Amino acid sequence: MATVKPAAGFNAEKDAEALRKAMKGLGTDEQAIIDVMCYRSWEQRLAIVKEFKTMFGKDLIKELKSELKGHFEDILVGLCRDPIYYQARGIKKAVKGAGTDEDALVEIICTKTNAEMELIKKCYKEEFGKEAEEDVAGDCSGHFKRLLVSSLQANRNESPNVDAALAQEEAQKLFDAGEGKLGTDESAFNRVLATRSPQQLAATFEAYAKIAHYDIKRTIEHETSGHLKDGYLAVVKSIEAPADYWAERLYKSMKGMGTDDDTLVRVVLSRCEVDMENIKTAFMKNYGKSLAKMIKDDCSGDYKKALFALIGDKA
């Protein structure tokens, strides 16, 4: 269940006027900006962006960038764009410069539907002038690269129908490719995990547990390593228990010293209009504290207030 929903009695002109007033003259009324942008659906926010330019001849994103700073600015600018943009931007940031943020690539690429992936690729090409696959393949290697490239094809079978015989057959193949032999045939895992529908994979995972007497996540933990292991686990977890997967991503973004703000902002922006209530419940169940409490301990100021608004809590 979403925490950000369409506002009743929505009026784009009134909201654009409120934003203009919040940024006009000396100082900025950050709370007024939060009260508009963090409580509107993405369709409503895009309407506000268009109305703002129509009314005042100014680009709302540029205005926000000139008035705000830091991660608070990142959130508000992200809210002005289609949610897909922040996913495309995440891929670009993950491969830009020295080093690669493989965790971000796994989260963004290995958990998407075909339609979402096609939109991300289209947005990436429009914004950055290159194919996402080209940049990702240039930064990664081995079986991990193959998993990402396979997922980027947006060619997963999405039929809701489950073939029980195929599930049994492929569960056996996965067992034989991992626990049933010396070494691991990663290609067998890649072929199944990157091509089958979520429903078919769920049936395969169930059949696998009966063959191996433990779930497939244990085999992945034992038979693979590094970022390839993370990629395989992301596919399995996001299918078996998506709320738990996203709760884990949020928890890891704030666990320990420092905060991975890019991940925190990206996950909140991408899930607040989808299933954030479910994620909050999973977070409390799995980590013994609320998502709000962890954000409160890790973040501050208007950044914290915006995050609280998006997850449906009060700062």
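Bear in mind that the values here come from a model prediction, so they are computed numbers and not experimental data.

**Q** I would appreciate a short explanation of the overall build of the protein chain in the present structure.
**A** For the protein chain, the count of helices and strands is 20 helices and 0 strands. Taken over the C-alpha atoms alone, the protein chain extends approximately 70 × 45 × 40 Å along its principal axes. Considering the protein chain as a whole, with its 315 residues, one finds that 48% of them fall into the buried category. Expressed as a percentage of contacts within the protein chain between residues at least 6 apart in sequence, the contacts between residues at least 24 apart total 70%. As displayed, the protein chain has an accessible area near 14,900 Å², and 48% of this comes from carbon and sulfur atoms. The averaged location of the 53 negative side-chain charges in the protein chain is 3 Å from the averaged location of its 48 positive side-chain charges.

**Q** Can you help me understand the side chain of Lys121 in this one?
**A** Inspection of the secondary structure assignment puts Lys121 in helix H8 (residues 114-128). Taking the relative accessible area as the measure of exposure, Lys121 reaches 18% and is therefore buried. Those residues in contact with Lys121, other than ones at most four positions away along the chain, are Leu152 and Gln153.

**Q** Sorry if this is basic, but what is going on with the packing of aromatic side chains here?
**A** Pairs of aromatic rings are described using the distance from one ring centre to the other and the angle between the two planes. Going through the model one piece at a time under the given rule, you end up with 8 aromatic pairs. Geometrically, the ring pair formed by Tyr124 and Phe128 is edge-to-face, given 5.0 Å between the ring centres and 65° between the ring planes. Taken together, the positions of Tyr124 and Phe128, both in helix H8 and 4 residues apart, correspond to about one turn of that helix. A relative accessible area of 0% places Tyr124 in the buried class. For the pair Phe175 and Tyr208, a centre-to-centre distance of 6.3 Å together with 55° between the ring planes defines the contact as tilted. Taken together, the residues Phe175 in helix H11 (residues 164-177) and Tyr208 in helix H13 (residues 198-212) connect sequence positions 33 residues apart. Site record: aromatic cluster; members linked through ring pairs are Tyr251, Phe283 and Tyr287. For the cation-ring pair, Arg20 lies above Phe56, with the distance from its terminal atom to the ring centre recorded as 5.5 Å. Cation over ring: Arg81 sits above Tyr85, and NZ or CZ is 4.0 Å from the ring centre.

**Q** Any chance you could explain the pattern of salt bridges here in plain terms?
**A** Working definition: two side chains of opposite charge can pair if their charged atoms are close together. The tally for this structure, following the rule as stated, stands at 26 salt bridges. Between Arg45 and Glu273 there is a salt bridge, and its shortest N-O distance comes to 2.9 Å. With a gap of 228 residues between them, Arg45 in helix H3 (residues 42-56) and Glu273 in the loop between helix H17 (261-271) and helix H18 (276-287) connect regions that are remote in the sequence. Between Lys217 and Asp215 there is a salt bridge; the shortest N-O distance is 3.3 Å. Accessibility expressed as a relative area gives 23% for Lys217, which makes it partly exposed. Via salt bridges that share partners, Lys92, Lys130, Glu134 and Asp135 belong to a single interconnected network.

**Q** Looking at this structure, I do not really get the packing of H17 against helix H20 (residues 301-311). What am I missing?
**A** Packing of H17 against H20 leaves a shortest axis separation of 10 Å and a crossing angle of 30°. Overall, the two elements H17 and H20 adopt an arrangement that is roughly parallel. When the axes of H17 and H20 are compared, the crossing they make is left-handed. The segment H17 lies against H20, with Asp261, Leu264, Val265, Val268 and Leu269 engaging Tyr303, Leu307, Leu310 and Ile311. Residue composition of the contact of H17 with H20, grouped by class: 8 nonpolar, no polar and 1 charged.

**Q** How do you make sense of the environment of Leu148 when you look at a structure like this?
**A** With respect to the secondary-structure elements, Leu148 resides in helix H10 (residues 142-152). Its relative accessible area of 0% is what places Leu148 among the buried residues. Along the backbone, Leu148 and Ala32 are 116 residues apart, and their C-alpha atoms lie at a distance of 41 Å. Those residues in contact with Leu148 that lie beyond four places of it in its chain are Leu105, Ile109, Cys110, Val136 and Cys140.

**Q** Whenever I open this one, H17 confuses me. Can you help?
**A** Turn by turn, an α-helix covers 3.6 residues, leaving residues three or four places apart pointing in a common direction. H17 sits mainly inside the fold: 10 of its 11 residues count as buried. Looking at the packing, one finds that the buried side of H17 touches helix H5 (70-79), helix H6 (83-95), helix H7 (102-109), helix H16 (242-254), H18 and H20.

**Q** Before we go on, may I ask you to explain the side chain of Thr263 in this structure?
**A** On the secondary structure map, Thr263 appears in helix H17. Within the structure, Thr263 has its side chain in polar contact with the side chain of Arg266 (distance 3.3 Å). Once residues lying within four places of it in the same chain are set aside, the contact partners of Thr263 are Glu107, Arg249 and Ser253.

About the cut-offs
Residues numbered from 1 in each chain as written. Predicted model: local features only at pLDDT ≥ 70, side-chain atom pairs only at ≥ 80, totals over all residues. Heavy atoms only, no water. Helix = DSSP H or I, 4+ residues; strand = E, 2+ residues; numbered from the N terminus. Buried < 20%, exposed > 50% of the residue type's maximum accessible area, 1.4 Å probe, protein only. Contact = heavy atoms within 4.5 Å. Areas by Shrake-Rupley, 256 points an atom, 1.4 Å probe, with all protein chains shown as cover. Lys, Arg positive; Asp, Glu negative; His and termini not counted. Charge placed at Lys NZ, Arg CZ, Asp CG, Glu CD. Phe/Tyr/Trp six-rings, centres within 6.5 Å; stacked < 30°, edge-to-face > 60°. Lys NZ or Arg CZ within 6 Å of the ring centre and 35° of its normal. Salt bridge = Lys/Arg side-chain N within 4 Å of Asp/Glu carboxyl O. Axes fitted to C-alpha atoms, helices over the stretch in contact; angles between N-to-C directions. Parallel < 35°, antiparallel > 145°, perpendicular 65-115°, else oblique. Left-handed = near helix turned anticlockwise from the far one by under 90°. Nonpolar A, V, L, I, M, F, W, Y, C, P; charged D, E, K, R; others polar. Polar contact = N/O pair within 3.5 Å; in protein donor to acceptor, adjacent residues only side chain to side chain.

Geometric descriptors of this kind do not, in isolation, establish any biological role.
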